[in-house]
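# A closer look at the structure
Okay, here's what each chain looks like letter by letter:
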Amino acid sequence: WLPFQWPDPEAERREFEQFSAGGKPNILPIIQIILARDRDALFGWLDRVTQWDFNTVVPAHLDAPLEIGPEAFAQTFAFAFGEGRNEVRSCDEDVQFLRKAEEGPLNFSVYKSPLGTLRGKTGECGLRGGA
């Protein structure tokens, strides 16, 4: 017995590879929702941090430590916010629940982002509903 099954193991593999991007650092979507609220403050902080001389980052979640310096650290944020959109590199259907919460029950209490609600960069991957 399994609590769930992926409808398509190949789609699951593609989605994992897209999300992990060969091990590049990533901002978790729930954190990105918070950071997207004030892009100017985020990039002001990022400008200060990337002036430091470092070669290791210890994230709060997932793999740690990461052997990256200021440039790779900044690229993590540029991916998510650099094009003026609130995008993740995983499939849109992976952030659909969070987006619906932002647009629905949290709509009254969540500070709006000028970047819009969270979106997947490449649309649907077909992991849900046999698509």
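Summary of the structure given here. (Residues numbered from 1 in each chain as written. Predicted model: local features only at pLDDT ≥ 70, side-chain atom pairs only at ≥ 80, totals over all residues. Heavy atoms only, no water.)

A surface patch of nonpolar side chains, amounting to about 280 Å² of accessible area, comprises Ile 30, Ile 31 and Ile 34. Mapping Ile 34 onto the fold places it in helix α2 (residues 29-35). For Ile 34, a relative accessible area of 56% corresponds to the exposed category. (Patch = residues over 30% accessible without salt bridge, like charges linked within 9 Å, V, L, I, M, F, W, Y side chains within 5 Å. Areas by Shrake-Rupley, 256 points an atom, 1.4 Å probe, with all protein chains shown as cover. Salt bridge = Lys/Arg side-chain N within 4 Å of Asp/Glu carboxyl O. Helix = DSSP H or I, 4+ residues; strand = E, 2+ residues; numbered from the N terminus. Buried < 20%, exposed > 50% of the residue type's maximum accessible area, 1.4 Å probe, protein only.)

Counted as a void, the largest pocket has a volume near 710 Å³. For the largest pocket, the lining is made up of 28 residues, of which Pro 25, Asn 26, Pro 59, His 61 and Leu 66 are closest to its centre. Counting only elements with at least two residues in the lining of the largest pocket, the list comes to α1 (9-20), α2, α3 (39-49) and α4 (70-81). By residue class, the composition of the lining of the largest pocket is 20 nonpolar, five polar and three charged. (1 Å grid on protein atoms, 1.4 Å probe; cavity = no way out; pocket = protein on both sides within 12 Å on 5 of 7 lines; lining within 4 Å. Points joined across faces, edges and corners; volume = space filled by probe spheres on them. Nonpolar A, V, L, I, M, F, W, Y, C, P; charged D, E, K, R; others polar.)

Okay, the environment of Thr 56 next. Looking at where Thr 56 falls in the secondary structure, it is placed in the loop between α3 and α4. Separated by 11 residues in sequence, Thr 56 and Glu 67 place their C-alpha atoms 4.5 Å apart. Once residues within four sequence positions are removed from consideration, Thr 56 is found in contact with Pro 65, Leu 66 and Ile 68. Engagement of the side chain of Thr 56 in a polar contact is seen with the side chain of Asn 55, the distance being 3.1 Å. (Contact = heavy atoms within 4.5 Å. Polar contact = N/O pair within 3.5 Å; in protein donor to acceptor, adjacent residues only side chain to side chain.)

On to the pattern of salt bridges, then. Within the structure shown, the criterion is met by one salt bridge. Between Glu 10 and Arg 13 there is a salt bridge, and its shortest N-O distance comes to 2.2 Å. Taken as a pair, Glu 10 and Arg 13 lie in helix α1 at a separation of three residues, close to a single helical turn. Look at Glu 10 and you get partly exposed, because its relative accessible area is 36%. According to the relative accessible area criterion, Arg 13 is partly exposed, its value standing at 37%.

Turning our eyes to something else, we now look at the environment of Arg 85. Topologically, Arg 85 is positioned in the loop between α4 and β1 (87-88). The spatial distance from the C-alpha of Arg 85 to the C-alpha of Ser 113 is 9.7 Å, given a sequence separation of 28 residues.

Judged by nonpolar contacts, the single largest core of 13 residues is most densely connected at Phe 54, Val 57, Ile 68, Phe 73, Phe 77 and Phe 81. Filtering out sequence-adjacent residues up to four positions away, Val 57 remains in contact with Pro 65, Leu 66, Ile 68 and Phe 73. (Core = buried A, V, L, I, M, F, W, Y, C linked by side-chain atoms within 4.5 Å.)

Moving on, we get to the side chain of Arg 99. Summarising the element assignment, Arg 99 is placed in helix α5 (residues 96-103). With residues near it in sequence (within four places) discarded, Arg 99 still touches Asp 92, Thr 117, Leu 118 and Arg 119.

Between its first and last C-alpha, α1 extends 16 Å over 12 residues, near the 16 Å set by a 1.5 Å rise per residue. Taken together, the buried positions of α1 are occupied by Ala 11, Glu 15 and Ser 20. Angular distribution of buried residues about the axis of α1 spans 160°; they occupy a single face of the element. A positive phi of about 45° marks Ala 21, the residue just after α1. (Expected span 1.5 Å × (residues − 1). Arc of directions from axis to C-beta.)

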